[in-house]
Amino acid sequence: MKTSIATVSISGDFREKLAAIAAAGFDGIEIFEQDFIAFDGNPRDVGQMVRDHGLEITLFQPFRDFEGLPEPLRARAFARAEHKFDLMQELGTDLVLVCSSVHPQALGGIDRAADDLRELGERAAKRGLRVGFEALAWGRHINDHRDAWEVVRRADHPNVGIILDSFHTLGRDIDPDTIRRIPGDKIFFVQLADAPLIPMDLLYWSRHFRNMPGEGDLDVVGFLRAVVAAGYDGPLSLEIFNDQFRGGNPRLVAKDGHRSLIYLQDRLRREDPTLSPALPDLPPRAKVEAVEFIEFASSPAEATRLERVLTQLGFGVTGRHVTKEVTRWQQGDVNIVVNTEPEGYAHAAYAAHGTTVSDIGLRVADATAAKARALALGAESFAQATPEGQIAVPAIRGVGGSVIRLVDQGPVLGRLWEVEFTPVAAPGSGAGITRIDHLAQTMAYDEMLSWTLFYTSIFAAGKAPMVDVIDPDGVVRSQAIEGAGRGLVLTLNGAETHRTLAGRFVADTFGAAVQHIALASSDIFATAKVLANNGFELLVHSANYYDDLEARFGLEPAFIAQLQAANVMYDRDDLGEFFQIYSRSFGEGIFFEIVERRGGYAGYGAANAPFRIAAQRRAARAAGMPKR
Ligand code: MG
Ligand code: MG
């Protein structure tokens, strides 16, 4: 179906908005009157400018406080409407949104409103224009699409229809299936928005907290299903009022918006492919079977430190790249690749961020299909020259300009290690590390929704409830992305201030992708013993932390002593227990975490974060490094 977005949804001046909307791939825009008024240009030029960007004007909005007024206000409302009609004709659009009145003198009465709309429809018809009536959730007399439909039905004019807005229906908990009673040709336009479920005043919620479909908690798929089942086949248009988006990068927000509309239609099509031929057909969300590898970009000098940490963690070199300065380290199912090439993409990543995770390799069933889906959802393709005899791995850009490589067990990609690496040694006995538990990606707070949508729309993954990580210098928001079967688990940490550890990391590394890598052990105390023998530099926690643990969970003193002796952090939820060991930071602030989950513990140790961060700061001070 055609995609559209209201200009009010993104930041910038009118020109910037148009450029961002066109670049994101939308078919059209709703012109929000205020954007137009603020722009220095006549309506004819504005209309031309929109069309020059390859966009159509799908709607002109809003026309407020129209219906149900007593004279002489009523006559004035019609005069205002005629003025808007003049403007619409010059702009080159035929549909105006009339939202239900909040005027204190509006009289109410379905028939009175219907009479007003019929007369407005008659006037619009003379100019070849159409009128769409929308129920605002806080409208004075009409605040429900069912009443708005009754007004439109009684107005009984071919140029008068209804405009539906998912927020106004779902935000008031009105069953979207009631839309199925409306004839499709009387639905003139559909606006879509999601929102997080936060109990608050409807108007305030709507004006500040709307977000892209899939980013919030409303059943926007259910809403769209009803709209499409009713026979609507016009544009799907985003009308998003969100303070963060209005202060954000217009190109990024527009791109997220387009992605959300494609993903929304994809979800509906997967439920029922027969519902509409206009729904886009893309490959299914890719299930990540495992993180196949993590690749670090470094320099020969800096890699020494990283390689020492890897050795202490129980990793061993098992392969060397056939042509590049790249080594493969292995333990359990974990592959870590260290790249110290003096040129190319990895070197550029090192130059930009310091020693950094430049690539994440994800194993999926069909890498080509996964990439095709990612591109259909607006991901950026990544390609590199592949030397003769080596394998071109399908890849896309991820967080902080890093690269996500997609590998599968197909005849070509399945031989990646054998083709590109010369075996050096068999994996050693290691330290009991079995797999990657999760990867922590750190980013500016205003990119979090964006990357959450990126991961959940491309991959078969869901989002856990957001938690606050309390850093002594500010709050960091943490959003876990959990893939089906836990093959891919990420914690996205959004830093609002540069003073927090996460914020400093973003600033110091110029937005590196991965801040820590959490490795799973099946016996944390056995692993701790090996690490101690290897001289692993771990993070040491205060005696106060362990005193508090004992009191908080009522743990046995002998168990507390065992935790403290090994510097293991502990947490518990209703399902099970969680154990964590942290490495010292290296490079620009990257670190490893080793975890053991017992029972079904579902979290990531957020309760321990303040103490872990305090310990990291102490360690940095002791090492004479700047406070981080
Ligand atoms: Mg609306
Ligand atoms: Mg972690």
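See the structure above.
Reading the values: rules and limits
- Residues numbered from 1 in each chain as written.
- Chains lettered and ligands numbered in written order.
- Predicted model: local features only at pLDDT ≥ 70, side-chain atom pairs only at ≥ 80, totals over all residues.
- Heavy atoms only, no water.
- Helix = DSSP H or I, 4+ residues; strand = E, 2+ residues; numbered from the N terminus.
- Expected span 1.5 Å × (residues − 1).
- Buried < 20%, exposed > 50% of the residue type's maximum accessible area, 1.4 Å probe, protein only.
- Polar contact = N/O pair within 3.5 Å; in protein donor to acceptor, adjacent residues only side chain to side chain.
- Donors = N, O, S within 2.8 Å, 3.2 Å for Na, K, Ca; no water.
- Core = buried A, V, L, I, M, F, W, Y, C linked by side-chain atoms within 4.5 Å.
- Arc of directions from axis to C-beta.
- Contact = heavy atoms within 4.5 Å.
- Salt bridge = Lys/Arg side-chain N within 4 Å of Asp/Glu carboxyl O.

Draft legend 1. Spatial organisation of helix H11 (residues 250-271). Taking 1.5 Å of rise per residue, the 22 residues of H11 would be expected to cover 32 Å, and the 32 Å separating its terminal C-alpha atoms lies within 8% of that figure. Across the 22 residues that make up H11, a large majority, 16, are buried. By the N-cap criterion, in which a side-chain oxygen at the helix start approaches the backbone nitrogen of a residue two or three places on, H11 is capped by Asn 249, the distance to Arg 251 being 2.8 Å.

Draft legend 2. Highlighting the coordination of the magnesium ion (ligand 2). Coordination sphere of the magnesium ion (ligand 2), protein contribution only: His 438 (NE2), His 516 (NE2) and Glu 593 (OE), at 2.2 to 2.3 Å. Here the donor residues of the magnesium ion (ligand 2) are spaced in sequence according to H-x77-H-x76-E. Of this pair, His 438 sits in strand E18 (residues 433-444) while His 516 sits in strand E23 (residues 514-521); the two residues are 78 residues apart in sequence, bridging distant segments of the chain. Classification of His 438 by relative accessible area gives buried; the value is 1%. Its relative accessible area of 6% is what places His 516 among the buried residues.

Draft legend 3. Here's a closer look at the nonpolar core. Ile 294, Phe 296, Leu 313, Ile 336, Leu 563 and Phe 592 are the most contacted members of the largest nonpolar core, which has 93 residues in total. By residue number, the principal contributor to this core is helix H16 (residues 448-458), which donates 6 residues.

Draft legend 4. Representation of helix H20 (residues 557-565). Taken residue by residue, H20 has Phe 559, Ile 560 and Leu 563 as its buried positions. Along H20, the residues classed as buried sweep out an arc of 100° about the axis, all on the same side. In this structure, H20 carries Pro 557, Ala 558 and Ala 565 as exposed residues pointing more than 90 degrees from its buried face. Residues of H20 that are buried in the fold lie against helix H18 (524-533), helix H19 (543-553), strand E24 (569-572) and strand E25 (576-582). Downstream of H20 by one or two residues, Asn 567 has phi in the positive range, about 55°.

Draft legend 5. Representation of the coordination of the magnesium ion (ligand 1). Distances from the magnesium ion (ligand 1) to its protein donors, namely Glu 134 (OE), Asp 165 (OD), Gln 191 (OE1) and Glu 239 (OE), fall within the range 2.1 to 2.2 Å. As a motif over one chain, the donors of the magnesium ion (ligand 1) read E-x30-D-x25-Q-x47-E. Here Asp 165, found in strand E6 (residues 160-165), pairs with Gln 191, found in strand E7 (residues 187-192); they are 26 residues apart in sequence, far enough to count as distant. The exposure classification of Asp 165 matches that of Gln 191, with both residues buried.

Draft legend 6. Representation of the pattern of salt bridges within the structure. One pass over the structure, following the stated rule, counts 34 salt bridges. The residue Arg 127 makes a salt bridge to Glu 82 at a minimum N-O spacing of 2.8 Å. Separated by 45 residues along the polypeptide, Arg 127 in the loop between helix H5 (110-126) and strand E5 (130-134) and Glu 82 in helix H4 (residues 73-91) bring together distant segments of the chain. Given a relative accessible area of 22%, Glu 82 falls into the partly exposed group. The closest approach of N and O atoms between Arg 210 and Glu 239, which form a salt bridge, is 3.3 Å. Remark: Glu 239 occurs in the loop between strand E8 (236-238) and helix H10 (243-246) and Arg 210 occurs in the loop between helix H8 (202-209) and helix H9 (220-229); sequence separation between them is 29 residues. Like Glu 239, Arg 210 is buried. Within this structure, Glu 71, Arg 74, Glu 82, Asp 86, Asp 116, Glu 119, Arg 123 and Arg 127 form a network of salt bridges that share partners.

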